[in-house]
Amino acid sequence: MILLDGKALSNLVKDELKIEVEKLKSKGIRPPHLAAILVGEDRASQSYVRGKMKSCERIGFGSSLFKYDEALTEKELLKKIEELNKDEEIDGFIVQLPLPSHIKENKVIEAVSPEKDVDGFHPINIGRMAKNMDALLPATPNGILEIIKHYKIETSGKHCVVVGRSNIVGMPMSILMGRKNYPGDCTVTLVHSRTRNIKEICQTADILIAAIGKAYFVTEDMVKEEAIVIDVGINALDDPSSEKGYKLVGDVDFDKLASKCSYITPVPGGVGAMTIASLLQNTMTAAKKRRM
Ligand code: NDP
């Protein structure tokens, strides 16, 4: 079994970006600038955004965080987005999800300029992705492609089962793995909460990508020998023995099935670590396209 070390790969990607930033600076070109909008007090969101801003600092990107109270109206948020769309200093920005329930997520996603949509959620970027055209790809699925590429995992002709169909992970992941490309060229099955026989379908997967948000959902008997298992899930479980009082686990029962797999991602230190790295890559790409 080979452990797919997303943390090590993310450090590699960040180091490469840092070198690129130095090169730009030596030519008198301003480094890329990422902005984030955070609405409300969701603790997980606060910690994700903090991680993103810290990573920018580490590699020499500019960064700005715009924090708003839960009471921010949709109109006010759209106004801020319009401002960032026009701001020449900002190369890319994200609106951290989830948003409070009075704000319509799709309206917000559509308001972001596709050129600055470094989360890759805008319908134009999703459409271009589906057509195998140049696009800013959603960060988590793109991070998974980077892992597959880095470890030179063969994907052509394989059966890839994606568990979960969310707009940010499962749906784009299933499209990417089915594209005529590397990584890709898979026969893809997308399963979700209405799917019958999930267990039997997963048992036929050469590549299994779990993104549902349920701790240890994928059990040993659902995975065939030598399968490649990618675990996107991040679930907090009570753990009185840890300092924080909880531990993070994936959607896959790692301890029980790891030895059966040819490759597997750990949680933490797998897909999650790569998500920020690919957001930074997208920001570099957006900056280059717009002004370099
Ligand atoms: P969502 O809650 O948006 O989507 C969950 C998906 O799983 C849905 O499609 C849902 O089906 C499906 N599902 C739920 N229960 C079952 C079940 N019992 N059987 C089959 N399918 C089921 O989650 P996200 O995609 O946003 O996130 C998934 C996980 O990945 C979470 O743990 C999240 O924290 C993590 N995550 C990690 C990231 C990273 O960087 N590593 C980034 C983003 C998310 P249906 O559509 O029918 O409701």
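Above this text you will find the structure in question.
Attention in this report is confined to the structure presented alongside it. (Residues numbered from 1 in each chain as written. Predicted model: local features only at pLDDT ≥ 70, side-chain atom pairs only at ≥ 80, totals over all residues. Heavy atoms only, no water.)

1. Observations concerning the overall build of the chain
As a reminder, the rule being used: By the criteria applied, helices consist of DSSP H or I runs no shorter than four residues and strands consist of E runs no shorter than two, each listed in order from the N terminus. Throughout, the radius of gyration refers to the C-alpha atoms, and the reference size of a globule is 2.2 Å times the residue count to the power 0.38. Throughout this description, buried means an accessible area under 20% of the type-specific maximum (1.4 Å probe, protein chains only), exposed means over 50%, and partly exposed covers the range between. Contacts between residues were defined by any pair of non-hydrogen atoms, one from each residue, lying within 4.5 Å. Areas reported as accessible are Shrake-Rupley estimates using a 1.4 Å probe. Residue values count occlusion only from the protein chains shown. We treat Lys and Arg as the positive residues and Asp and Glu as the negative residues; His and chain ends play no part in the count. Taken as the charge location is NZ of Lys, CZ of Arg, CG of Asp or CD of Glu.
Looking only at helices and strands, the chain has 10 helices and 11 strands in total. In terms of overall dimensions, the chain is globule-like: its C-alpha atoms have a radius of gyration of 19 Å, near the 19 Å expected for 292 residues. Its C-alpha atoms give the chain principal-axis dimensions of about 50 × 40 × 40 Å. Across the 292 residues of the chain, 50% fall into the buried class. Considering only residue pairs separated by 6 or more positions, the chain has 69% of its internal contacts joining residues 24 or more positions apart. In the structure as shown, the chain presents an accessible area of about 14200 Å², 51% of it carried by carbon and sulfur atoms. Each charge class in the chain can be summarised by its mean position, and for the 41 positive and 40 negative side chains these summaries are 3 Å apart.

2. Quick look at the side chain of Thr-283
Worth spelling out the cut-off: Under this definition, polar contacts are N or O atom pairs within 3.5 Å; protein pairs additionally need one hydrogen-donor-capable and one acceptor-capable atom, and for neighbouring residues in sequence, both atoms have to be side-chain atoms.
Along the chain, Thr-283 falls in helix α10 (residues 271–291). At a separation of 2.9 Å, a polar atom in the side chain of Thr-283 contacts the main-chain carbonyl oxygen of Leu-279. Beyond its immediate chain neighbours, meaning those up to four positions away, Thr-283 contacts Pro-32, His-33, Leu-34, Phe-61, Asp-91 and Val-118.

3. Things to note about the site of the ligand
Selection rule: Nearness of a residue to a molecule or strand requires only that one of the residue's heavy atoms be within 4 Å of it. Residues are grouped as follows: Ala, Val, Leu, Ile, Met, Phe, Trp, Tyr, Cys and Pro are nonpolar; Asp, Glu, Lys and Arg are charged; every other residue, Gly included, is polar.
Taken together, 21 residues lie near the ligand, and Arg-165, Ser-166, Ser-193, Ile-234 and Thr-275 sit nearest. Here an oxygen atom of the ligand and a side-chain polar atom of Ser-193 are 2.5 Å apart. Ile-234 is positioned with one of its backbone polar atoms (N or O) 3.0 Å from an oxygen atom of the ligand. Protein chains bury 71% of the 930 Å² of accessible surface belonging to the ligand in isolation. The element that contributes the greatest number of residues to the shell around the ligand is α10, accounting for three residues. Class assignment for the residues of the shell around the ligand results in nine nonpolar, 10 polar and two charged.

4. Overview of helix α7 (residues 170–178)
Residues Gly-170, Pro-172, Met-173, Ser-174, Leu-176 and Met-177 constitute the buried set of α7. Residues of α7 that are buried sit in contact with α5 (123–130), α6 (139–150), β5 (159–163), β6 (187–191) and β7 (207–210).

5. Re the sheet that holds strand β4 (residues 92–95)
Cut-off, in case you're wondering: Pairing between strands is defined by DSSP: at least two bridges between the two strands are required. To define axes, lines are fitted to C-alpha atoms, for helices over the stretch in contact only, and angles between the resulting N-to-C directions are given on a 0 to 180 degree scale.
Taken together, three strands build an open sheet; the order of strands is β3-β2-β4 and the sheet is parallel. At either end of the open sheet lies a strand with only one pairing partner, and these are β3 (62–68) and β4. On average, each strand axis in the sheet is tilted by 15° relative to the strand beside it, whichever way the strands run. Here strand β2 (residues 33–39) runs beside β3; their pairing, made up of seven bridges, is parallel. Considered in β3, the bridge of Leu-38 is made with Lys-67. Sheet strands touched by helix α2 (residues 43–59): β2, β3 and β4. Its angle to β2, the strand with the most contacts, is close to 165°.

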